[in-house]
Every structure is written in structure tokens, then in C-alpha cells.
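These are the residues of each chain, in order.
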Amino acid sequence: MSLVELTDLRYAWPRQRPCLEIGHFALAAGETVFLHGPSGSGKSTLLALIAGVNVAGTGQVRVLGEDLARLSPSGRDRFRVDHIGIVFQQFNLLPYLSVLENVLLPCRFSALRRQRAQAEGGRPEAAARRLLAGLDLAPELWERPASRLSVGQQQRVALARALIGRPALILADEPTSALDAARQRAFLELLTEECKRAGAGLLFVSHDLRLAERFGRVEDLTRLNRAQAEAACAA
Amino acid sequence: MRGLSALLALAFRSAWNRRLTLGLTLTAVCLSVTLLLSIERLRVDARTSFTQAVSGTDLIVGARASPLQLLLYAVFRVGGATQEIGWEAAAAIDRHPAVAWTLPLALGDSHRGFPVLGTPARYFEVFRYGDRQPLVFAAGRPYAGLYEAVLGVEVAERLGYQVGDRITLAHGGGEFAPEHADKPFTVVGVLARTGTPVDRTVHVSLESIEAIHLDWQGGAPIPGLNIPPELATKFDLTPKTVTAVLVGLKSRAQVFAMQRWVQDYRAEPLMAVLPGVALDQLWDLLAIGERSLLTISALVAGVSLVGLVAVILAGLNERRRELAILRSVGAGPRRVLFLLLLEGAGLTLAACVLGLLLSLALVLAVGPWLAAYSGIHLQLTWPHAAQWAWLGAVFAVGTLASLIPAWRAYRLSLADGLTPHV
């Protein structure tokens, strides 16, 4: 069973032409995939479909064998927090929460993630601290408001939040675009390694092919996507 | 429902993060609630105070003028009489077979802003207020002779007087009224609190009023004439005129017959007023002012709620990232709607509670002063029905209005998915 499997997927934003048509795409458990595509090629839309935030008009999106369209809206919301960790381009953190509280967010909304975090030893906080330490964030930062951190630090906190409670799938939407070249490399290294260690599958979308070398597989969205409506997919 | 408490905590933290702007709008709503509650409190308590002021009096008789004016000066010591009535007329009313008692009232003098009332000593036995309650002495006794005064409790407390103290009365009202300094009065009694204009009245006998005016004419001492206090007893101290007469009848059934008798009194034009009827006129008059005050404060409350909603709505665009993050950790659009609704309703509720507390604090702060100078006693009690209604209305309108930003957040989080199109 694939971790993610898309079949005959077709999606259009309301009152627009279809911007996404994918015959077949699969991501195996633990696999790291770099999905390349220029802006407007439907990367974010695809991630939103896999995350169950939006639902495909036709075709199937299966995650862990579950057909997301068959779940209720609130069922999809629960499924997302239970099984998927998401890292955005930037502004990943709630500015009014501390670093630690940001990392613990999924545990507050998902019993499953909390249980898995606890299973790693003690309280979810312990798991969060371990993750933050592993991502090289100094302990004196942990209680600080997230808004006080540098962009690079924020992205690492976001990664810790995505990883806590061992979700099966990590979705990353250009998470390095706000970083300089040296930090991009370091962040990618952390990302791929942590996913490997956690046994999580990783779908990384970016327009920047130079980042692709660390991934198990590289896919080109412009080739996958048969809908070639120019800029129909909003960034 | 797991995540609900997490959501509540997040709503609070998020709002706290924007505490400056939200705090300012909260203050606006809170003050408007205070305004509404205070005006409502004043309205109801003023009515109660006015209704309590006189009881058991069947008719108020005065010179022919507006019934309302007569009520205001005879009962509430507000304003003055343009004309007095002759002593002979007062005596004729007293002699009428239907009449149980009369209380001639002589008004016009004052003591440091408090009105002076000249009336026979039987006033302390006959007069009733509230629910037919008699006057009670907190200290001392009724006056028996000249130059003796009985104080209402507010006068005694405000000015720090006790039985045995000496005071001088001023001719007319106001700060610069000339004083009857040559004939000081001794405080012989202090009345217990009534919650009516009695509390801020200085009571003396009719003869005392007459005595201090022996050597006066036209509002000033007659030059060269000075009658020492002890000599005043040599004069006939029966008053020539009084300001008004309170009348108690043997039977209430005779009230209209008696009223007609007074109206038809030949020797001079008189007027008899039923206190209840005059009070109704007073309400009608006050109702206009009350209604406009309430309308204005309701509008103020409305405006402040519009401000609150506008502030939440304006902040929404900056919070689209926040909403996307919440969605990524499993908060559905309905949760987002609920979050925003919670924020608006929570702020309105906080404003209502703070406004209520502030209005109570206001009663504590202003109440004693208002009681002393206007006779209106503000009650420091749990809100009454009308106040609850206003509180409920503000909360309901605030919560309903919060649906606007909540609905917009719902739409945004649906349209944005995981990536805000900012």
C-alpha cells in the first residue's frame, strides 16, 4: 500500500478552469520525493488536496489507504492532524505561543499524535524538547515567543512541529525559500534525515531544482499535470 | 470534543497578543455599557425616590400655578413659589370638616445650600413617606420653641452637625444669600434617614420663620431696624402667608369634593393637587428626557459594538497565516468560525461584566453626593430587570455582530486552504 496515491485526479478552484489533472502519482512509505514545478503549476493546490484541506472534484486521493473524499470535512481535519505534518514557506508559527507550545500544537488537537509522542518516553513536552535539541535549537530559546526567532530558527521549529508524534507523511511547501543558500542546505539535511529517522514519507515541493539532490526521487509536476491552464493555480 | 479547550486557550492567547487594539475597543464597549446601566439605574431609582417622597397626603394646596411646579417645591424643594397663600386661607382649610390634618409649609430660606422648611411641630407626627412610614428621630427631639431646628440626616452628616450645635439661616437660596446672622438657631434634633427630600431639609417652626423676618423687607434687612432675638417674642408671630399646605382627609372618598372646595375658595385663587396626579405629570415630562438619554446611550453602545467588529474584521487579513496554521494542525473551517465568534462574544461579555462593575462603582462614588443634593437615592444592588435586559441586548448584538468576522474567517479559511493568497 502506498502512503500517498493519486488516481485520475482533477481539481479546479471554484469558478475556474481545472488547474490540476494527474493520471497517477504514488509515494511509498518512508520515501522522500522532490516535486519540482514553477510557481503556478499547482504545487500548493496539490498539497492542499493531499492534506485534505480541499477535495478533488473527480478522481481519488488516498493517504494511508484512506480515500479522503469519503471522509467528512471534520473527519479530514482529524485525519490531517493525526497523520500529516506540514511545513510552510514561512510564517509557520503562531507568534503568541512559545517555541515549545508551537511544537506541541498537533498534540493539543490530536490524541493520536499525543499518544505517540508520549510513547517515545514520558510527556509530549519531553518529545518536543528532544526534537528541538536534535534540530540544534538552544534550550534558552524554547520558552521564548516564536516571533522572537530568526527565520531559520522558525523553520526548524516548524519542522519539529511537523515531526512530533511521528506522522506518517510530511508535506513541505518551499520551506527553504526564505533562507540563504548555506542555511537551505543545512535545513534540507535536517529535514531529510529527521524524516528518515522518523520513518516518515516526505513530499517536498519547490521550484528550485538545485535542492533536489538529497531526495530519493525527483518528479516534475509540469509533466505529471496534464492540465496546462496558464496560472490557473494560484500560487 | 477534544481540542475545544485547546481552541479556547488559543483564542485567549491570540486575543492577548492583540491586547492593545482589542483593549481599546473593549474599553469603548465597556464605557457604553456603563452609560446604559447608569442611566437606567438613575431612571428607575429617581422614580422610586420621587414616589417615596410623599405618602398619606391627599392634597397639596398652593397658589394657582402649574400643579407640577407646586409638587416640585412643596415636596421636592425644587424651585420656588411665585406666590404665597394667605394664612387665613390655610386656616380655613384646616377648619373644613372633611380635613383630618393640615401642614402649612413656609419655604424660601436655606442653610448652606440645604432648604429650610417652616412647619408646625406636628409635622413629625403627621407626615408620612414611602409606604406610610412615620418620621423617626435619630437624636434629640422636635422643636418646641423659637430658634430651634431639626435637621434631616443628610444635612447633619454633610455639615457635621450634632444636637446642641448652633446654625444661622440664610435668606433665600444660593451661595451668596444674606444671612439671618443675628438670630442663630440651636439644633435640637436629627431625623433618621428616609431616602426622601426630608433628609436634606432643615426644619424649624413657622413662628421661627416669622421671627427672623421681623426686621426684613423685600429680601434685605430694614436699615436701622434691629429686633434682638429675645424681643421677637413680643410680636405676633402668626405667619401672614405660607407657601403651601399639605392636607390629609378623614376619608379618601372626599378628595375630589375637597379639591373642588379649594379651587372654588373665594377670598383668593387657590389650587389643590393630588400628589399621584402631579407625579404622573412629572413622569410624562421626565419620560421625554429619559427616552432621549436611553436612545443616545443605546446608540453609543451600538457604535462601540460596530467599532469592535470593525477591529476584529480589520485584523483578520493579518491573521490569515494564523488561520492556515490552525488548519494545518486539524482545525476545520467551522472551528475557525467558532474561534472568531468566541473572540467577539468573549470581548462583549467581558465588556458587559466590566461595565456592570464600573456602574456599581459609580453608584458607590456618586451615590452619596447625588442623595445629598438631589434626594435621588441610587441603590447598590444587583441589576434590575431593565438593566439585565440592556446587558442581554448588548451581549446578543455583540455576539450576532461577531458573526460577520467569523463568517469571513470561515470563507477565508475555505478559500485559502493551506496557503493564504495574501
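Heads up: the structure comes first, above all this text.
What comes next concerns the included structure. By convention here, each chain's residues receive numbers from 1 onward along its written sequence. Just so you know, chain letters begin at A and ligand numbers begin at 1, following the order they were written in. This being a predicted model, a pLDDT of at least 70 is required before a residue's local features are given, and a value of 80 or more before pairs of side-chain atoms are given or counted; all residues contribute to the totals for chains, interfaces and linings. Based on all heavy atoms of the structure, the side-chain values leave hydrogens and waters out of the count.

## Digging into the interface of chain A and chain B
Moving on, step 1. Opposite the 31 residues of chain A that make contact, chain B presents 28 residues.
Moving on, step 2. Accessible area that two parts lose when put together, evaluated with a 1.4 Å probe and summed over both, is termed the buried area. In total, about 2500 Å² of surface goes out of reach between chain A and chain B, with carbon and sulfur atoms giving 63% of it.
Moving on, step 3. Taken as a group, Y96, R108 and F109 of chain A account for 31% of the area that chain A buries against chain B, more than any other trio of residues on that side.
Moving on, step 4. We define a salt bridge as a contact between a side-chain nitrogen of Lys or Arg and a carboxyl oxygen of Asp or Glu at a distance within 4 Å. For the pair chain A and chain B, the interface holds 2 salt bridges.
Moving on, step 5. Notably, a salt bridge pairs R327 of chain B with D77 of chain A, separated by 3.3 Å at the nearest N-O pair.
Moving on, step 6. A 3.5 Å cut-off defines polar contacts: any pair of N or O atoms within that distance qualifies, except that in protein one atom must be a possible hydrogen donor and the other a possible acceptor, and neighbouring residues in sequence count only when both atoms are side-chain atoms. Counting every contact that joins chain A to chain B gives 6 residue pairs in polar contact (both at pLDDT 80 or more).
Moving on, step 7. Here a helix means four or more residues in a row that DSSP labels H or I, a strand means two or more in a row labelled E, and each is numbered from the N terminus. Per element, the largest residue contribution to the side of chain A that touches chain B is 6 residues, and it comes from helix α3 (residues 99-109) of chain A.
Moving on, step 8. Nonpolar residues are Ala, Val, Leu, Ile, Met, Phe, Trp, Tyr, Cys and Pro. Charged residues are Asp, Glu, Lys and Arg, and all others, Gly as well, are polar. Each residue belonging to the side of chain A that touches chain B can be placed in one class, and the counts come to 20 nonpolar, 4 polar and 7 charged. Residue contacts are counted whenever heavy atoms from the two residues lie within 4.5 Å of one another.

## Concerning the pairing of strand β6 (residues 84-87) of chain A
Residue and element names in this part refer to chain A.
Moving on, step 1. Neither face of β6 is left uncovered, since the one carrying I84 and I86 and the one carrying G85 and V87 both have all their residues buried.
Moving on, step 2. We call two strands paired when DSSP finds no fewer than two bridges between them. Where β6 and strand β7 (residues 169-173) come together, 4 bridges link them in parallel fashion. Opposite I84, over in β7, you have L169 as the bridge partner. Only protein chains enter the calculation, and the probe is 1.4 Å; a residue is then buried if its accessible area is under 20% of its type maximum, exposed if over 50%, and partly exposed in between.

## Some points on the packing of aromatic side chains
All names here are of chain B.
Moving on, step 1. Note on aromatic pairs: the rings of Phe, Tyr and Trp (six-membered ring only in Trp) are paired at centre separations within 6.5 Å, and the planes decide the class, stacked below 30 degrees, edge-to-face beyond 60, tilted for the rest. Within this structure, the stated rule accounts for 14 aromatic pairs over all chains.
Moving on, step 2. Ring centres of F12 and W16 lie 6.4 Å apart, and the angle between their planes is 15°; on these two criteria the pair is classed as stacked. Pair noted here: F12 and W16 are both in helix α1 (residues 4-17), with a separation of 4 residues, about one helical turn.
Moving on, step 3. Ring centres of W261 and Y265 lie 5.9 Å apart, and the angle between their planes is 50°; on these two criteria the pair is classed as tilted.
Moving on, step 4. Overall, the relative accessible area of 31% leaves W261 in the partly exposed class.
Moving on, step 5. Since its relative accessible area comes to 16%, Y265 is described here as buried.

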